[in-house]
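# Structural overview for review
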Amino acid sequence: MRSSALCLLLGAGLMFCMEQVYAQPAQPDGKQGQTDKPQDRPARKPDAAPPAKKPNPTPGAKPDQGKARPQPGQPQRPDRNKGDQGQRRPQPPPQRRPPSAPARGGNPGDRARSYPPRTPTERQWRDWERQRSWRRNGAWQGQPTWQLGRSRNWRADHRTWVQRGGYGGFYIPWAQFSVSFGSGRFFRIGRQPIIVDGYPRFQYGGFSFMMVDPWPEDWPPNWYANDDVYIDYDDGYYLYNRRYPGVGIAVSVAM
(Lines give C-alpha, C1' and ligand atoms only; values in the text may rest on other atoms or scores of the structure.)
Protein backbone atom coordinates (compact mmCIF):
# COMPACT_ATOMS: atom_id res chain seq x y z
CA MET A 1 0.00 0.00 0.00
CA ARG A 2 2.76 2.43 0.94
CA SER A 3 4.74 1.71 -2.20
CA SER A 4 1.64 2.24 -4.36
CA ALA A 5 0.90 5.60 -2.73
CA LEU A 6 4.51 6.71 -3.12
CA CYS A 7 4.47 5.87 -6.83
CA LEU A 8 1.26 7.88 -7.30
CA LEU A 9 2.77 10.94 -5.64
CA LEU A 10 5.96 10.77 -7.74
CA GLY A 11 3.92 10.40 -10.93
CA ALA A 12 1.74 13.37 -10.04
CA GLY A 13 4.81 15.55 -9.33
CA LEU A 14 6.41 14.56 -12.60
CA MET A 15 3.28 15.47 -14.53
CA PHE A 16 3.12 18.88 -12.87
CA CYS A 17 6.72 19.69 -13.80
CA MET A 18 6.16 18.75 -17.43
CA GLU A 19 3.09 20.98 -17.64
CA GLN A 20 5.09 23.98 -16.39
CA VAL A 21 7.83 23.42 -18.92
CA TYR A 22 5.53 23.08 -21.93
CA ALA A 23 3.31 25.94 -20.76
CA GLN A 24 6.12 28.71 -21.40
CA PRO A 25 5.93 30.57 -24.79
CA ALA A 26 8.58 29.93 -27.36
CA GLN A 27 11.51 32.48 -27.50
CA PRO A 28 12.76 33.93 -30.81
CA ASP A 29 16.09 32.83 -32.23
CA GLY A 30 15.82 29.69 -30.21
CA LYS A 31 16.72 31.40 -26.97
CA GLN A 32 14.34 30.06 -24.47
CA GLY A 33 14.33 30.74 -20.84
CA GLN A 34 16.44 33.87 -21.12
CA THR A 35 15.14 37.36 -20.18
CA ASP A 36 15.91 40.51 -22.12
CA LYS A 37 19.06 42.32 -20.98
CA PRO A 38 19.79 46.05 -21.47
CA GLN A 39 22.07 47.01 -24.35
CA ASP A 40 25.73 46.89 -23.52
CA ARG A 41 27.32 50.33 -22.76
CA PRO A 42 30.89 51.17 -23.74
CA ALA A 43 33.20 50.54 -20.88
CA ARG A 44 35.07 53.55 -19.45
CA LYS A 45 38.77 53.57 -19.65
CA PRO A 46 40.28 53.02 -16.24
CA ASP A 47 42.87 55.84 -16.69
CA ALA A 48 40.43 58.58 -17.80
CA ALA A 49 39.72 61.07 -15.04
CA PRO A 50 36.18 62.42 -14.66
CA PRO A 51 35.64 66.01 -15.82
CA ALA A 52 36.15 68.60 -13.12
CA LYS A 53 33.04 70.32 -11.88
CA LYS A 54 32.92 74.08 -11.72
CA PRO A 55 32.35 75.33 -8.20
CA ASN A 56 29.12 77.09 -7.59
CA PRO A 57 29.63 80.84 -7.00
CA THR A 58 29.26 81.88 -3.43
CA PRO A 59 26.43 84.36 -2.91
CA GLY A 60 27.83 87.90 -2.46
CA ALA A 61 31.35 86.97 -3.65
CA LYS A 62 33.15 89.32 -6.07
CA PRO A 63 34.28 88.07 -9.52
CA ASP A 64 37.96 88.58 -8.75
CA GLN A 65 37.89 86.57 -5.52
CA GLY A 66 39.88 83.42 -5.60
CA LYS A 67 42.61 84.81 -7.85
CA ALA A 68 46.15 84.56 -6.68
CA ARG A 69 47.40 87.77 -5.16
CA PRO A 70 51.05 88.84 -5.35
CA GLN A 71 53.02 88.23 -2.24
CA PRO A 72 54.68 91.21 -0.48
CA GLY A 73 58.08 91.98 -1.94
CA GLN A 74 57.31 90.46 -5.35
CA PRO A 75 57.03 92.79 -8.41
CA GLN A 76 53.53 93.06 -9.82
CA ARG A 77 53.06 92.37 -13.50
CA PRO A 78 51.03 94.93 -15.41
CA ASP A 79 47.64 93.88 -16.73
CA ARG A 80 48.05 93.59 -20.49
CA ASN A 81 44.30 93.71 -21.06
CA LYS A 82 44.01 97.21 -19.66
CA GLY A 83 46.94 98.67 -21.57
CA ASP A 84 47.66 102.36 -21.19
CA GLN A 85 44.05 103.49 -21.39
CA GLY A 86 43.27 106.08 -18.77
CA GLN A 87 46.76 105.90 -17.31
CA ARG A 88 49.20 108.79 -17.40
CA ARG A 89 52.78 108.59 -16.43
CA PRO A 90 53.73 111.06 -13.70
CA GLN A 91 55.65 114.00 -15.13
CA PRO A 92 58.72 115.32 -13.29
CA PRO A 93 58.20 118.69 -11.61
CA PRO A 94 59.31 121.62 -13.75
CA GLN A 95 62.68 122.98 -12.83
CA ARG A 96 62.71 126.56 -11.75
CA ARG A 97 65.19 128.76 -13.48
CA PRO A 98 66.60 131.92 -11.97
CA PRO A 99 64.96 135.05 -13.36
CA SER A 100 66.81 136.41 -16.31
CA ALA A 101 67.00 140.00 -17.36
CA PRO A 102 64.26 140.72 -19.91
CA ALA A 103 64.68 143.06 -22.81
CA ARG A 104 63.96 146.65 -21.84
CA GLY A 105 62.20 149.17 -24.01
CA GLY A 106 63.50 152.71 -24.40
CA ASN A 107 62.85 155.39 -26.95
CA PRO A 108 60.47 154.32 -29.72
CA GLY A 109 62.31 152.78 -32.66
CA ASP A 110 65.42 151.77 -30.71
CA ARG A 111 66.35 148.10 -30.60
CA ALA A 112 65.96 146.67 -27.09
CA ARG A 113 68.74 144.45 -25.76
CA SER A 114 69.11 142.22 -22.77
CA TYR A 115 70.09 143.89 -19.54
CA PRO A 116 72.98 144.57 -19.34
CA PRO A 117 74.83 143.76 -22.57
CA ARG A 118 78.21 144.04 -20.83
CA THR A 119 79.63 145.00 -17.46
CA PRO A 120 82.66 147.30 -17.60
CA THR A 121 85.33 147.18 -14.93
CA GLU A 122 85.58 149.93 -12.35
CA ARG A 123 88.56 151.42 -14.13
CA GLN A 124 86.66 151.54 -17.42
CA TRP A 125 83.53 153.27 -16.14
CA ARG A 126 85.56 155.72 -14.05
CA ASP A 127 87.62 156.66 -17.12
CA TRP A 128 84.38 157.09 -19.04
CA GLU A 129 83.08 159.51 -16.38
CA ARG A 130 86.33 161.43 -16.13
CA GLN A 131 86.42 161.98 -19.88
CA ARG A 132 82.73 163.00 -19.91
CA SER A 133 82.12 160.74 -22.84
CA TRP A 134 78.34 161.40 -22.75
CA ARG A 135 78.96 164.84 -24.41
CA ARG A 136 79.98 163.36 -27.76
CA ASN A 137 78.35 164.11 -31.11
CA GLY A 138 76.97 167.53 -30.24
CA ALA A 139 75.17 166.49 -27.03
CA TRP A 140 74.02 169.03 -24.44
CA GLN A 141 76.93 170.63 -22.57
CA GLY A 142 74.98 171.51 -19.41
CA GLN A 143 73.95 174.76 -17.65
CA PRO A 144 74.82 176.27 -14.24
CA THR A 145 71.18 176.56 -12.99
CA TRP A 146 68.02 174.47 -13.04
CA GLN A 147 66.01 177.07 -14.93
CA LEU A 148 68.64 177.33 -17.68
CA GLY A 149 68.56 173.56 -18.02
CA ARG A 150 65.19 173.79 -19.75
CA SER A 151 65.43 172.98 -23.46
CA ARG A 152 64.17 175.32 -26.18
CA ASN A 153 63.92 172.53 -28.75
CA TRP A 154 64.15 169.20 -26.99
CA ARG A 155 64.08 167.11 -30.17
CA ALA A 156 67.15 168.92 -31.45
CA ASP A 157 68.96 168.93 -28.09
CA HIS A 158 68.19 165.31 -27.16
CA ARG A 159 70.70 162.55 -27.92
CA THR A 160 70.22 158.82 -27.43
CA TRP A 161 72.94 156.67 -25.92
CA VAL A 162 73.55 155.12 -29.32
CA GLN A 163 74.13 158.59 -30.77
CA ARG A 164 76.54 159.37 -27.92
CA GLY A 165 78.63 156.29 -28.73
CA GLY A 166 77.06 153.98 -26.13
CA TYR A 167 76.70 153.99 -22.38
CA GLY A 168 79.93 153.26 -20.53
CA GLY A 169 79.09 154.16 -16.94
CA PHE A 170 78.20 152.08 -13.89
CA TYR A 171 75.50 149.40 -14.29
CA ILE A 172 72.93 148.78 -11.57
CA PRO A 173 72.96 145.07 -10.58
CA TRP A 174 69.97 143.16 -11.92
CA ALA A 175 68.84 142.08 -8.44
CA GLN A 176 68.36 145.74 -7.48
CA PHE A 177 67.19 146.92 -10.88
CA SER A 178 64.35 144.38 -11.03
CA VAL A 179 63.01 145.55 -7.67
CA SER A 180 63.06 149.35 -7.94
CA PHE A 181 63.42 150.17 -11.62
CA GLY A 182 61.69 149.54 -14.91
CA SER A 183 58.35 150.54 -16.38
CA GLY A 184 55.52 150.58 -13.88
CA ARG A 185 57.72 151.34 -10.85
CA PHE A 186 56.87 155.00 -10.49
CA PHE A 187 58.34 157.46 -8.02
CA ARG A 188 58.65 161.20 -7.53
CA ILE A 189 61.95 162.98 -7.25
CA GLY A 190 60.42 165.36 -4.71
CA ARG A 191 63.22 167.88 -4.35
CA GLN A 192 64.66 170.02 -7.09
CA PRO A 193 67.78 168.32 -8.55
CA ILE A 194 71.09 169.95 -7.63
CA ILE A 195 73.56 171.10 -10.29
CA VAL A 196 77.01 169.45 -10.27
CA ASP A 197 79.46 170.56 -13.00
CA GLY A 198 76.53 171.89 -15.06
CA TYR A 199 74.35 168.74 -14.89
CA PRO A 200 71.33 168.16 -12.60
CA ARG A 201 71.53 165.26 -10.13
CA PHE A 202 68.93 163.44 -8.02
CA GLN A 203 68.82 160.28 -5.93
CA TYR A 204 66.52 157.27 -6.01
CA GLY A 205 66.75 153.59 -5.06
CA GLY A 206 70.12 153.98 -3.37
CA PHE A 207 71.78 155.47 -6.46
CA SER A 208 72.58 158.95 -7.72
CA PHE A 209 71.57 159.86 -11.27
CA MET A 210 72.86 162.63 -13.52
CA MET A 211 70.67 164.15 -16.24
CA VAL A 212 72.77 164.52 -19.39
CA ASP A 213 69.80 165.84 -21.42
CA PRO A 214 67.93 169.12 -20.80
CA TRP A 215 64.34 168.68 -19.61
CA PRO A 216 61.68 169.28 -22.32
CA GLU A 217 60.22 172.75 -22.83
CA ASP A 218 56.59 171.57 -22.44
CA TRP A 219 57.21 170.21 -18.92
CA PRO A 220 56.36 172.49 -15.99
CA PRO A 221 59.31 173.81 -13.91
CA ASN A 222 58.21 171.74 -10.86
CA TRP A 223 57.58 168.46 -12.69
CA TYR A 224 60.10 166.75 -10.36
CA ALA A 225 57.70 167.32 -7.40
CA ASN A 226 54.30 166.57 -9.00
CA ASP A 227 54.88 164.08 -11.83
CA ASP A 228 55.33 160.32 -11.53
CA VAL A 229 58.52 159.20 -13.24
CA TYR A 230 60.45 155.94 -13.68
CA ILE A 231 63.88 154.85 -14.89
CA ASP A 232 64.29 152.17 -17.54
CA TYR A 233 67.13 150.76 -19.61
CA ASP A 234 67.67 150.58 -23.39
CA ASP A 235 71.35 150.72 -24.39
CA GLY A 236 71.62 153.06 -21.41
CA TYR A 237 69.39 154.59 -18.73
CA TYR A 238 66.48 156.95 -19.43
CA LEU A 239 64.13 158.94 -17.18
CA TYR A 240 60.48 158.81 -18.28
CA ASN A 241 57.56 160.99 -17.21
CA ARG A 242 54.17 159.31 -16.85
CA ARG A 243 52.37 162.40 -18.10
CA TYR A 244 54.48 162.56 -21.26
CA PRO A 245 54.87 159.02 -22.62
CA GLY A 246 57.53 158.37 -25.24
CA VAL A 247 59.90 161.08 -23.98
CA GLY A 248 63.04 159.76 -22.29
CA ILE A 249 65.75 161.97 -20.76
CA ALA A 250 69.17 160.29 -20.91
CA VAL A 251 70.61 159.79 -17.41
CA SER A 252 73.79 158.20 -16.09
CA VAL A 253 74.51 156.51 -12.78
CA ALA A 254 76.83 158.92 -10.96
CA MET A 255 79.37 157.28 -8.66
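For the structure itself, look to the data block above.
Attention here is on the structure that accompanies the text. Please read these numbers as outputs of a predicted model, since none were measured by experiment.

Reading the values: the criteria
- Within each chain, residue numbers correspond to sequence positions counted from 1 in written order.
- Restriction of local features to residues with pLDDT of at least 70 applies here, the model being predicted, together with a cutoff of 80 or more for giving and counting side-chain atom pairs; totals for whole chains, interfaces and linings are based on all residues.
- The side-chain values count all of the structure's non-hydrogen atoms but skip hydrogen atoms and water molecules.
- Secondary structure counts use DSSP, requiring at least four H or I residues in a row for a helix and at least two E residues in a row for a strand, with both numbered from the N terminus.
- Exposure categories follow from relative accessible area, calculated using a 1.4 Å probe and restricted to protein chains: below 20% of the type maximum is buried, above 50% is exposed, and the middle band is partly exposed.
- The contact criterion used is simple: two residues touch if any of their non-hydrogen atoms lie within 4.5 Å.
- Values of accessible area rely on a 1.4 Å probe in the Shrake-Rupley scheme; residue burial ignores everything except the protein chains shown.
- Here, nonpolar core means buried Ala, Val, Leu, Ile, Met, Phe, Trp, Tyr and Cys residues that are tied together by side-chain atoms lying within 4.5 Å of each other.
- Think of the arc as the fan of directions from the helix axis to the C-beta atoms.
- Strands were regarded as paired on the criterion that DSSP finds at least two bridges between them.
- For Phe, Tyr and Trp, rings pair up if their centres lie within 6.5 Å, where Trp contributes its six-membered ring, and each pair is then called stacked (planes under 30 degrees apart), edge-to-face (over 60) or tilted (otherwise).
- Note on criteria: charge over ring means Lys NZ or Arg CZ within 6 Å of the ring centre, with the direction from the centre no more than 35 degrees off the ring normal.
- Pairs of N or O atoms are called polar contacts if they sit within 3.5 Å, as long as, within protein, a hydrogen donor faces a hydrogen acceptor (for residues adjacent in sequence, only side-chain-to-side-chain pairs).

Attention now goes to the overall build of the protein. Of regular secondary structure, the protein possesses five helices and six strands. Along the chain direction, N to C, the helices and strands of the protein fall in the order α-α-α-α-β-β-β-α-β-β-β. Across the 255 residues in the protein, those meeting the buried criterion constitute 29%. Across the protein, the fraction of contacts at a sequence separation of at least 24, relative to all contacts at a separation of at least 6, is 72%. When the accessible surface of the protein is summed, it comes to about 20000 Å², and 51% of that surface belongs to carbon and sulfur atoms.

Attention shifts here to the environment of Gly248. Within the element layout of this structure, Gly248 appears in strand S6 (residues 244-254). C-alpha separation for the pair Gly248 and Pro216, spaced 32 residues apart in sequence, amounts to 9.6 Å.

Our focus in this paragraph is the nonpolar core. Core analysis: the largest hydrophobic core is formed by 43 residues, its most contacted members being Ile172, Phe209, Trp223, Tyr237 and Leu239. Mapped by element, the contributors of at least two residues to this core are helix H2 (122-130), strand S2 (199-204), strand S3 (207-211), helix H5 (223-226), strand S4 (229-233), strand S5 (237-241) and S6. A per-element tally of this core places S6 first, with seven residues.

Once that is clear, we can look at H2. Along an α-helix, residues three or four positions apart point the same way, because every turn accommodates 3.6 residues. Turning to H2, its buried residues are Trp125, Trp128 and Glu129. Projected down its long axis, H2 shows its buried positions confined to an angular sector of 100°, all on one face. Facing away from the buried side of H2 by over 90 degrees, the exposed positions are Arg123 and Arg130. Next to the buried residues of H2 lie S6.

Another point: unusual backbone geometry. Backbone geometry places Asn137, a non-glycine residue, at a positive phi of 60°. Along the chain, the position of Asn137 falls in the loop between H2 and helix H3 (154-157). Although it is not a glycine, Asp235 adopts a positive phi angle of roughly 60°. Positionally, Asp235 belongs in the loop between S4 and S5. Since its relative accessible area comes to 12%, Asp235 is described here as buried.

Further remarks concern the pairing of S2. Here strand S1 (residues 194-196) pairs with S2 via three bridges, running antiparallel. The residue of S2 that forms the bridge with Ile194 is Arg201. The hairpin formed by S1 and S2 contains two residues between the paired strands, and Asp197 there has a positive phi angle of roughly 55°. Hairpin remark: S2 followed by S3, antiparallel, with two residues in the connecting loop; positive phi at Gly205, about 65°.

Summed over all chains, the structure comprises 30 aromatic pairs. Each ring, one from Trp146 and one from Tyr224, has its centre 5.6 Å from the other, and the planes form 85°; the classification is edge-to-face. With a gap of 78 residues between them, Trp146 in the loop between H2 and H3 and Tyr224 in helix H5 connect regions that are remote in the sequence. Comparing Trp146 with Tyr224, the two get one shared label, buried. Between the NZ or CZ atom of Arg164 and the centre of the ring of Trp161, over which it lies, the distance is 5.5 Å. Over the face of the ring belonging to Phe186 we find Arg242, whose NZ or CZ atom lies 4.3 Å from the ring centre.

Turning next to the environment of Arg132. Following the sequence through the fold, Arg132 ends up in the loop between H2 and H3. A residue is classified by how much of its surface remains accessible, and Arg132, at 24% relative accessible area, is partly exposed. Beyond its immediate stretch of four places on either side in the chain, Arg132 contacts Asp197 and Tyr199. A distance of 3.3 Å separates a polar atom in the side chain of Arg132 from a polar atom in the side chain of Asp197.

Below, the discussion takes up the pairing of S5. For S5, the buried fraction is high: five of the five residues fall into the buried class. Along S5, one buried face is formed by Tyr237, Leu239 and Asn241 and the opposite face, lined by Tyr238 and Tyr240, is buried too. Summarising the sheet, S4 and S5 pair through five bridges and their orientation is antiparallel. Looking across to S5, one finds that Asp232 is bridged to Tyr238. Connecting S4 to the antiparallel partner S5 that follows it, the hairpin turn spans three residues, and Asp235 within it adopts a positive phi of roughly 60°.

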